[in-house]
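Now for the letters of each chain:
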Amino acid sequence: MLTVNKLLPRGQSLAPALRRRAATVELDWDTRQKSRFEATDSQGRQLGVFLPRGSVVRGGDVLVAEDGSLVLVQAAPQAVLEVRAAEPFALLRAAYHLGNRHVQLELQPELLKLEPDHVLAQMLQQMGLQVSEAQSAFEPESGAYAAGGPAQGHDHAHGQDHGHVHGPGCGHDHSQDHGHSPAQSQDHGHVHGPGCGHDHAHDHKHEPAPAPAAAPSRGKPLGIPVAAAPVPHVHGPGCGHDH
């Protein structure tokens, strides 16, 4: 069995001559939406296809085997329902209702295609649409976030800054260096309240408050010099300080 683990969408970057010389394989939609499957190409070779999870193979794509040989994918004819309408708005309305039911649809200017379903066919006919059975290739619409192509693996460059908002339950490991400036890394301006849970056993380096200017005498001497007054430090419930 020949192993295949690479896919070239629409045979991109291949010379036309290479596409013409490539072996072919016919696959229906049920097979092409899988990332793991077996097939036999036009040269009689058994193919074991192992693509990244989430891959979808389209007609016109080219599979690359482990020996470097190419296999051109053709969408095999299969049973479908073709939906037509007398006016464009009726077809648009049908697409809306089918989309609400998460039905896979192939969209064409004058018709919709979907896999056979007698319940959906009856619903469409009651809406005044023309529904007929046919044998043809089926290429349903990709998801809105598939960048206009097959639903290939979603490979983010996670090293880049995506502007994530970190909130409660984020789950990110914030022990890494996120590129804060030295000033930011020294003082984060944390507010320590009840149940804070921080380890406050380290040295806070509390600086004594500057002595206020002497108040004008009103005839009564102060019992304690102002400069010698203790610095107020409020400890709340669950403070956790090492006293």
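Residues numbered from 1 in each chain as written. Predicted model: local features only at pLDDT ≥ 70, side-chain atom pairs only at ≥ 80, totals over all residues. Heavy atoms only, no water.

**Student:** Give a detailed account of the environment of glutamate 26, specifying residues and quantitative values.
**Tutor:** Checked against the element boundaries, glutamate 26 lands in strand S2 (residues 23–27). The exposed category is assigned to glutamate 26, whose relative accessible area is 52%. Sequence separation between glutamate 26 and glycine 59 is 33 residues; the distance between their C-alpha atoms is 8.6 Å. When sequence neighbours within four positions are dropped, the list of residues in contact with glutamate 26 reads Gln74, Ala76 and Pro77. (Helix = DSSP H or I, 4+ residues; strand = E, 2+ residues; numbered from the N terminus. Buried < 20%, exposed > 50% of the residue type's maximum accessible area, 1.4 Å probe, protein only. Contact = heavy atoms within 4.5 Å.)

**Student:** Help me get a handle on the packing of aromatic side chains, residues and values and all.
**Tutor:** Two measures describe an aromatic ring pair: the distance that separates the ring centres and the angle between the ring planes. Scanning the model with the defined rule gives 1 aromatic pair in all. With a centroid separation of 6.4 Å and an interplanar angle of 85 degrees, the aromatic rings of tryptophan 29 and phenylalanine 138 are classed as edge-to-face. Residue tryptophan 29 is found in helix H2 (residues 29–32), and its partner phenylalanine 138 is found in the loop between strand S10 (130–136) and helix H5 (182–186); the two are separated by 109 residues along the sequence. The pair formed by tryptophan 29 and phenylalanine 138 is uniform in burial state, with each residue classed as buried. (Phe/Tyr/Trp six-rings, centres within 6.5 Å; stacked < 30°, edge-to-face > 60°.)

**Student:** Please give an account of the pairing of strand S4 (residues 46–50) that cites residues and values.
**Tutor:** By the bridge criterion, 3 bridges tie strand S1 (residues 2–8) to S4 in an arrangement that is parallel. Across the sheet, the residue bridging to threonine 3 is glycine 48, located in S4. For strand S3 (residues 36–40) and S4, the ladder comprises 5 bridges, and the chain directions are antiparallel. Bridging from a neighbouring strand, threonine 40 pairs with glutamine 46 of S4. With antiparallel pairing between neighbouring strands as the criterion, S3 and S4 make up a hairpin whose turn holds 5 residues, including glycine 44 at a positive phi of roughly 80 degrees. (Pairing = 2+ DSSP bridges.)

**Student:** Quick rundown of the environment of leucine 114? Include the residues and the values.
**Tutor:** Secondary-structure assignment places leucine 114 in strand S9 (residues 111–114). Residues leucine 114 and leucine 81, spaced 33 residues apart in sequence, show a C-alpha to C-alpha distance of 5.3 Å.

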